[in-house]
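Each chain, letter by letter, is given below.
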Amino acid sequence: MAGGPLIGISTYLEAGARWGVWELEAALLPAGYPRLVQRAGGVAVMLPPDEVPRAADVVARLDGLVIAGGPDVEPARYGAERDPRTGPPAPVRDAWELALIDAALTARVPLLGICRGMQLLNVALGGTLVQHLDGHAEVVGVFGRHPVKPVPGTLYAAAVPEETSVPTYHHQAVDRLGTGLVPSAHAADGTVEAVELPPADGWVLGVQWHPEMGEDPRVMRGLVEAARGRTAAS
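Since the structure is predicted, the reported quantities are computational estimates derived from the model, not experimental observations.

S.K.: Quick one: what's the story with the packing of helix H3 (residues 91–107) against helix H4 (residues 116–124), residue by residue and with numbers?
M.R.: The description of two helices packed together rests on the angle between their axes and the distance between the axes. Packing of H3 against H4 brings their axes to within 10 Å, and their N-to-C directions diverge by 70 degrees. Considering the angle they form, H3 stands roughly perpendicular to H4. With respect to the hand of their crossing, H3 and H4 are arranged in right-handed fashion. Counted together, Arg-93, Asp-94, Glu-97, Leu-98, Ile-101 and Leu-105 of H3 and Arg-116, Gly-117, Leu-120, Leu-121 and Ala-124 of H4 form the full contact between these two elements.

Shown next as structure tokens:
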């Protein structure tokens with residue numbers, strides 16, 4: 001694996017993307033995601049939305065999977081009424097990324113959920129979300145920072161053992177934890193900032209913040225190393 005493990009990253013469709021003289025629908029992903037995968041030693045592959053039944057075949061070709069940040073999860077996915085402050089639905093993206101998560105969990109492909117990706121992981125396992133909280137996205141369109149504290153003995157704490165300041169931009173969070181998930185980091189206000197499955201279930205971690213907007217590659221490096229180890233063992 002001279003080029004490093006193959007890490008797929010979910011992307012989304014944007015109707016009016018502009019570049020040069022063109023304005024067309026495009027499959028988009030902020031450049032911080034592939035750059036972080038590359039810095040961590042992996043090979044980044046963009047995964048545009050596709051037909052749900054194809055998710056298992058896509059994941060089978062990967063060594064690791066990242067579910068990227070983005071819009072709010074549709075509340076109906078976790079049996080809730082829509083709060084007026086919840087953003088517009090993204091049904092195609094919800095369906096595709098939930099299928100990717102299910103395929104990764106079934107195949108035990110190392111999985112990292114980032115912000116929306118962590119929330120979707122929680123929903124995929126039967127959990128619910130808080131649809132609005134204050135203080136985690138203070139200025140529209142601007143990433144903030146706040147400290148997160150790891151829970152000792154967790155997968156996240158093994159990668160980042162100390163309290164750190166992280167780039168953050170979200171207004172939703174985990175409410176009821178999904179089946180099997182345990183919290184592995186908290187903000188000062190008690191908000192769950194990372195969740196994971198026990199090691200017996202493979203390498204599965206979700207973080208509420210945006211590591212692709214910072215300088216610390218340790219979370220992504222954990223995913224890449226887990227992907228490398230899984231491939232070496234097969």
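Further notes follow.
S.K.: Can you lay out the pairing of strand E9 (residues 164–168) for me, pointing to particular residues and giving the numbers?
M.R.: Summarising burial for E9: four of the five residues are buried, a large majority. With five bridges connecting them, strand E8 (residues 144–150) and E9 associate as antiparallel partners. Residue pairing for E9: Pro-147 is matched across the bridge by Ser-165.

S.K.: Help me get a handle on the nonpolar core, residues and values and all.
M.R.: The biggest cluster of nonpolar side chains holds 30 residues, and the ones touching the most others in it are Leu-65, Leu-100, Leu-111, Leu-121 and Val-195. With seven residues, H3 is the largest single contributor of residues to this core. Not counting residues up to four positions away in its chain, the partners in contact with Leu-111 are Leu-65, Ile-67, Ile-101, Ala-104, Leu-105, Leu-121, Trp-203, Val-204, Leu-205 and Leu-223.

S.K.: Help me get a handle on the side chain of Thr-164, residues and values and all.
M.R.: Within the secondary structure layout, Thr-164 lies in strand E9. Judged by its relative accessible area of 13%, Thr-164 is buried. Sequence-distant contacts of Thr-164, defined by excluding residues within four places in its chain, comprise His-146, Pro-147, Val-148, Tyr-156 and Arg-218.

S.K.: Mind laying out a nonpolar patch on the surface, listing which residues take part and the relevant values?
M.R.: On the surface, a cluster of nonpolar side chains totalling about 470 Å² of accessible area is made up of Trp-19, Val-21, Trp-22 and Leu-24. Inspection of the secondary structure puts Trp-19 in strand E2 (residues 12–19).

About the criteria used
- Residues numbered from 1 in each chain as written.
- Predicted model: local features only at pLDDT ≥ 70, side-chain atom pairs only at ≥ 80, totals over all residues.
- Heavy atoms only, no water.
- Axes fitted to C-alpha atoms, helices over the stretch in contact; angles between N-to-C directions.
- Helix = DSSP H or I, 4+ residues; strand = E, 2+ residues; numbered from the N terminus.
- Parallel < 35°, antiparallel > 145°, perpendicular 65-115°, else oblique.
- Left-handed = near helix turned anticlockwise from the far one by under 90°.
- Contact = heavy atoms within 4.5 Å.
- Buried < 20%, exposed > 50% of the residue type's maximum accessible area, 1.4 Å probe, protein only.
- Pairing = 2+ DSSP bridges.
- Core = buried A, V, L, I, M, F, W, Y, C linked by side-chain atoms within 4.5 Å.
- Patch = residues over 30% accessible without salt bridge, like charges linked within 9 Å, V, L, I, M, F, W, Y side chains within 5 Å.
- Areas by Shrake-Rupley, 256 points an atom, 1.4 Å probe, with all protein chains shown as cover.
- Salt bridge = Lys/Arg side-chain N within 4 Å of Asp/Glu carboxyl O.

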